[in-house]
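Spelled out, the chains give:
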Amino acid sequence: MTENAKTTNAEITKKYKDFLIPGVITYYGEPLPLVSGKGCCVYDAEGREYLDFFGGILTVSVGHCNEFVTARFTDQARKLQHVSTLYPTLPIGELAEKLAGLAPGNLKKSFFTSSGTEADETAVMLAQHYTGQVEIIALRHCYSGRSALAMNMTAHSPWRTSKILVPGIHHAPAPYCYRCPFHLTYPACDLACARDLEELIKTETCGKIAAFIAEPILGVGGFIVPPKEYFQVAVEIVRKAGGVFIADEVQTGWGRTGDHWFGIEHFGVVPDIMTSAKGMANGVPIGWTIATPEIADSLKGLTISTFGGNPVSCAAAQATIEFIEKENLLAHVRKMGDYFRGLLTELQQSQPKIGDVRGMGLMLGVELVTDRKSKTPDPQSVIKLFEETRKQGLLIGKGGLYGNVLRISPPMTVTKEQVDAAFKILKSAFERI
Ligand SMILES: Cc1ncc(COP(=O)(O)O)c(C=O)c1O
C-alpha cells in the first residue's frame, strides 16, 4: 500500500517540523505521518496499516478516498473548478436546493465558505443583523474555530490563542452531567444549567441578545451530550430575550449522531440558523451556514467568500450526501454506534479508569479519571493509551478541557468487523497501561 516508495516516515515528519508553525500540534510522542487511505484505514510511508477511528477529526464521513465521492468531484474539477459566486453555477445551486430540503424547519437559505470557523462567523453576523443586537452567548467547553471572534467564543483556554479580545460574548455553564457545574444530578437538577441562562442574560448582558450558539454535542469539549430537554428549556429563554438559536453542527452534522441528518434533531428544537463543515464533503474543504429566509434577508450589506460555493467542493458535498442516502448510513450509524457503545460500557466494568462512557451514534467519548470517586481527570493515561493503540494499529482522538477524553468517531461506513477489531485493540491497550 506504500504510495510513494521514495518517501519515508522520517522524511515527512522532518519537513513538517522544519517548515510548519510549531503551534500545529501532532498526536503521539513521535508524529505519525500518513500517505494514503482507503475506507476506514490509513497507511504510513512504510506501508503500515491503521484503523482510523478519528476520521480526520470527524471529517472523513464516508470513508477515505470514497470512489463515489472522488469520481464526482474529479469530474467537476475537469469541467469547471472556480469562477466565484459572482456567476451562478449548477453545483452551488443544486447543493443549496438539496440542503434546503434536508435542513429542519424553515432553514432554506445557504451561504458557503471554506471552514467551520467562517460558517460560525457568518451565523453570528446574520444573527446580529436580524436582531439588531450584538451580544452572544456560547457554552463553556465549546469550540468555534480560529478567527478572533471564534476564539473568543471558544471556551477552552489552550485554544484561545488570539490576542484580540471581542466584547459581548458570555459563556453559559455547559450541560456536562458527568461534571455538573452545579453539583447536581439529572433529572433531579431540573435542568439548572439551562435555567441559568435566564440569570446570565439578566446579569451579564443588556437584557437583549443576538444569539445563543451551541453544539448539540460538545465535540472538542469531549463529546458532552446534553440532557434531552436541555435545548427546549435553553432556547425558550434565549428567544424570550430576543435572541436566535444557532446550532453549530460542524461535528454533529451529516448523520454522525445516527438516525437524523443533524444532531439538534434529537432534541426537539428547530434552530434559526445552523452551521456545518467537517464531514459535509468527506474532507474536501467546505463550510456552510443556513438560515430562515427572514434572517437571511436581513443582511443588507455585501458579503462574499472567494472559495465559498466552489463548484468542486459543492460537487463533493452533493456526492457525500447522496452516498449517505444511497447506503442508508443514518440507520447504520445508529446500529454501529449502539453496538460500539455497548462494548465500551461493558469495558467500563473492568476498567476503573473509565469514569464515563457517552455519546450518540458514532461520536463516542470515554472519559478517563484516576479513580471514579474523585473523578480527577487522567490525561496521562490517555497519552499512554494513545501510544499503545498506535502500536497495535488503531488511531483514536482525544479531547476535553483536561485532555482526558478519548474521542472515537470512525467513518460512518465502518463495519461491525472493524468495530470489533478496534475494540479488541482498545481493550488490550487498557490492559497494558
Ligand atoms: C463545533 C465546531 N465548530 C467550529 C469549528 C471550526 O471549524 P474549522 O476548523 O473548519 O474552522 C470546529 C472545528 O473543530 C468545531 O468542532
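Residues numbered from 1 in each chain as written. Predicted model: local features only at pLDDT ≥ 70, side-chain atom pairs only at ≥ 80, totals over all residues.

(A) Representation of the pairing of strand β4 (residues 109–113). With respect to burial, β4 is a largely interior element, five of its five residues being buried. With burial as the criterion, each face of β4 is covered, one bearing Lys109, Phe111 and Thr113 and the other bearing Ser110 and Phe112. As paired strands, β4 and strand β10 (residues 287–291) are joined by five bridges and run antiparallel to one another. Its bridge partner lying in β10, Phe111 is registered against Thr289. (Buried ≥ 20, exposed ≤ 12 C-beta atoms within 10 Å, placed from the backbone. Helix = DSSP H or I, 4+ residues; strand = E, 2+ residues; numbered from the N terminus. Pairing = 2+ DSSP bridges.)

(B) Representation of the domain arrangement of the chain in the model. Per the domain assignment, the segments of the chain are domain 1 (9–26 + 35–62 + 329–432) and domain 2 (67–326). In this structure, domain 1 and domain 2 have C-alpha centres spaced 25 Å apart. Taken residue by residue, the interface counts 31 residues in domain 1 and 30 residues in domain 2. Counting only elements with at least two residues in the side of domain 1 that touches domain 2, the list comes to α2 (55–58), α11 (329–350), β11 (354–360), β12 (363–368) and β15 (405–408). Broken down by element, the residue count for the side of domain 1 that touches domain 2 peaks at six residues, all from α11. Taken together, the residues of the side of domain 1 that touches domain 2 break down into 15 nonpolar, ten polar and six charged. (Domains from an automatic or database assignment. Contact = placed C-beta atoms within 7 Å. Nonpolar A, V, L, I, M, F, W, Y, C, P; charged D, E, K, R; others polar.)

(C) View of unusual backbone geometry. With an omega of 0°, the peptide bond running from Tyr186 to Pro187 counts as cis. Within the element layout of this structure, Pro187 appears in the loop between β6 (169–172) and α7 (192–204). Of note in the backbone geometry, Phe223 takes a positive phi value of approximately 50° without being a glycine. Among the secondary structure elements, Phe223 is positioned in the loop between β7 (211–214) and α8 (230–240). Overall, Phe223 belongs to the buried group, with 29 C-beta atoms counted inside 10 Å. Even without a glycine there, the phi angle at Asn328 is positive, about 50°. With respect to the helices, strands and loops of the structure, Asn328 is situated in the loop between α10 (311–326) and α11.

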